Amino acid sequence: MSSEEMENLHEMYKSLYNEVKLMPDRAQRCQGEERKRIVRDFDERVSEAEEMLQGMEQELFGAPSSFRTPMSTKIRLYRRDLAKLQREIRLAATPGFSSQIGDDRQGIYATQNDQSTHLQSQRALLIQGTESLNNASKSIERSQRIAAETDQIGTDIIEELGEQREQLDRTRDRLVHTGENLSRSRKILRAMSRRLVTNKLLLSVIIIMELAILAGVVYLKFFRK
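Residues numbered from 1 in each chain as written. Predicted model: local features only at pLDDT ≥ 70, side-chain atom pairs only at ≥ 80, totals over all residues. Heavy atoms only, no water.

Chemist: Lay out the packing of helix H1 (residues 4-20) against helix H4 (residues 65-93) with the relevant residues and their values.
Modeler: How two helices pack is summed up by the angle between their axes together with the distance between the axes. Running from N to C, H1 and H4 point in directions that differ by 20 degrees, and their axes come no closer than 12 Å. With respect to their mutual orientation, H1 and H4 come out roughly parallel. Considering the relative orientation of H1 and H4, their crossing is left-handed. Counted together, Met 6, His 10, Tyr 13, Tyr 17 and Val 20 of H1 and Phe 67, Met 71, Lys 74, Tyr 78, Asp 81, Leu 82 and Leu 85 of H4 form the full contact between these two elements. When its residues are assigned to classes, the contact of H1 with H4 shows nine nonpolar, one polar and two charged. (Axes fitted to C-alpha atoms, helices over the stretch in contact; angles between N-to-C directions. Helix = DSSP H or I, 4+ residues; strand = E, 2+ residues; numbered from the N terminus. Parallel < 35°, antiparallel > 145°, perpendicular 65-115°, else oblique. Left-handed = near helix turned anticlockwise from the far one by under 90°. Contact = heavy atoms within 4.5 Å. Nonpolar A, V, L, I, M, F, W, Y, C, P; charged D, E, K, R; others polar.)

Printed below as a string of structure tokens:
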């Protein structure tokens, strides 16, 4: 069974049907008011059975197809059995009918039962079509949800790429500034190098001049006498 409610309805129906199927024979053996009472009880029980079958059909809406199809067939058979019992009790409750009249009425009821079976078959097809439509609607909803999620992911990726581009632009600007600073530093270093060379030359000239003066002083003081 597809659910606890379905199991309960099925058990209650079988118990009620076992009680109802004995009533036509009881009505045929009784007379007068007793027969009428049995017929009234029969009608009430059949109405309860119909409500149970309707409840079982409602439970089938949410059942898987592997369970729904055989159960729909079983419910149609249950209705056919109830229609047969209704024919029997009507014949049993009507005194004086010949076998020919009984056969004619049975033929009429058989036609009605075939029509009822056909209607139930159409109803089962309608239930299946409704469930297929519901499944298609759910599938469309899932597709729309996936499309929305994909669109959101695409938007997030675009935003992230934009942020990365900004970071790359800032990095490039920093590199440009760094290159300019390095160029200025190289110029400064070259100027310092030139100044250092110039200073060295001046220092060398000064040292040479001092050595020449010192040599002149020594010569004048010690060797020129």
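After that view of the structure, there is still more to cover.
Chemist: Outline the packing of H1 against helix H3 (residues 32-60), listing residues and values.
Modeler: Two elements in contact, H1 and H3, have axes separated by 9 Å at closest approach and are oriented at 155 degrees. In terms of axis orientation, H1 runs roughly antiparallel to H3. Seen along the crossing, H1 lies across H3 with a hand that is left-handed. Note on element contacts: H3 touches H1 through Phe 42, Arg 45, Val 46, Glu 48, Ala 49, Met 52, Leu 53, Gly 55, Met 56, Glu 59 and Leu 60, opposite Glu 5, Met 6, Leu 9, His 10, Met 12, Tyr 13, Leu 16, Glu 19 and Val 20. Residue classes in the contact of H1 with H3 are distributed as 13 nonpolar, two polar and five charged.

Chemist: Lay out a nonpolar patch on the surface with the relevant residues and their values.
Modeler: Where nonpolar side chains cluster on the molecular surface, the patch consists of Leu 203, Ile 207, Leu 211, Leu 214, Val 218, Tyr 219, Leu 220, Phe 222 and Phe 223 and spans about 950 Å² of accessible area. With respect to the secondary-structure elements, Leu 220 resides in helix H5 (residues 99-223). Under the relative-accessibility criterion, Leu 220 is labelled partly exposed at 48%. (Patch = residues over 30% accessible without salt bridge, like charges linked within 9 Å, V, L, I, M, F, W, Y side chains within 5 Å. Areas by Shrake-Rupley, 256 points an atom, 1.4 Å probe, with all protein chains shown as cover. Salt bridge = Lys/Arg side-chain N within 4 Å of Asp/Glu carboxyl O. Buried < 20%, exposed > 50% of the residue type's maximum accessible area, 1.4 Å probe, protein only.)

Chemist: Explain the nonpolar core to me, using residue names and the numbers behind them.
Modeler: One finds Tyr 13, Phe 42, Leu 53, Met 56 and Leu 60 to be the most contacted residues of the largest nonpolar core, which totals 25 residues. Of all the elements in the fold, those that place two or more residues in this core are H1, helix H2 (23-29), H3 and H4. It is H3 that provides the largest number of residues to this core, a total of nine residues. If near-sequence neighbours (up to four positions away) are discounted, Met 56 is found in contact with Met 6, Leu 9, His 10, Met 71, Ile 75 and Tyr 78. (Core = buried A, V, L, I, M, F, W, Y, C linked by side-chain atoms within 4.5 Å.)

Chemist: Describe the side chain of Glu 57, naming the residues involved and giving the relevant values.
Modeler: Mapped onto the secondary structure, Glu 57 falls in helix H3. A polar side-chain atom of Glu 57 sits 2.7 Å from a polar atom in the side chain of Arg 79. (Polar contact = N/O pair within 3.5 Å; in protein donor to acceptor, adjacent residues only side chain to side chain.)

Chemist: Could you give me a rundown of the pattern of salt bridges, with the residues and numbers involved?
Modeler: Summed over the entire model, instances satisfying the criterion amount to nine salt bridges. Measuring nitrogen to oxygen at the nearest pair gives 2.9 Å for the salt bridge that ties Arg 90 to Asp 43. Highlighted residues: Arg 90 in helix H4 and Asp 43 in helix H3, separated in sequence by 47 residues. A salt bridge links Arg 79 to Glu 57; the nearest nitrogen and oxygen atoms lie 2.7 Å apart. On the criterion of sequence distance, the pair formed by Arg 79 in helix H4 and Glu 57 in helix H3 is long-range, its members being 22 residues apart. Accessibility assignment for this pair places Arg 79 and Glu 57 in one class, buried. Here the residues in one salt-bridge network are Glu 34, Arg 37 and Asp 41, joined through shared partners.

Chemist: Outline a negative patch on the surface, listing residues and values.
Modeler: Taken together, the side chains of Asp 156, Glu 159, Glu 160, Glu 163 and Glu 166 present a region of like negative charge at the surface. According to the relative accessible area criterion, Glu 159 is partly exposed, its value standing at 48%. (Lys, Arg positive; Asp, Glu negative; His and termini not counted. Charge placed at Lys NZ, Arg CZ, Asp CG, Glu CD.)

Chemist: Now, about H3: what can you tell me, with residues and values included?
Modeler: An α-helix turns once per 3.6 residues; consequently, residues spaced three or four apart project the same way. End to end, H3 covers 42 Å across 29 residues, agreeing with the expected 42 Å (1.5 Å per residue, within 8%). All buried positions along H3 are accounted for by Arg 35, Ile 38, Val 39, Phe 42, Val 46, Ala 49, Met 52, Leu 53, Gly 55, Met 56, Glu 57 and Leu 60. (Expected span 1.5 Å × (residues − 1).)

Chemist: Outline the packing of aromatic side chains, listing residues and values.
Modeler: Tallying each qualifying case throughout the model produces two aromatic pairs. Where Tyr 13 meets Tyr 17, the ring centres are 6.1 Å apart and the plane angle is 20 degrees; that geometry is what we call stacked. Pair noted here: Tyr 13 and Tyr 17 are both in helix H1, with a separation of four residues, about one helical turn. (Phe/Tyr/Trp six-rings, centres within 6.5 Å; stacked < 30°, edge-to-face > 60°.)

Chemist: Quick rundown of a positive patch on the surface? Include the residues and the values.
Modeler: Where like charges cluster on the molecular surface, the positive patch consists of Arg 184, Arg 186, Lys 187, Arg 190, Arg 194 and Arg 195. Relative to the assigned elements, Arg 195 resides in helix H5. On the accessibility criterion, Arg 195 (60% relative accessible area) is exposed.

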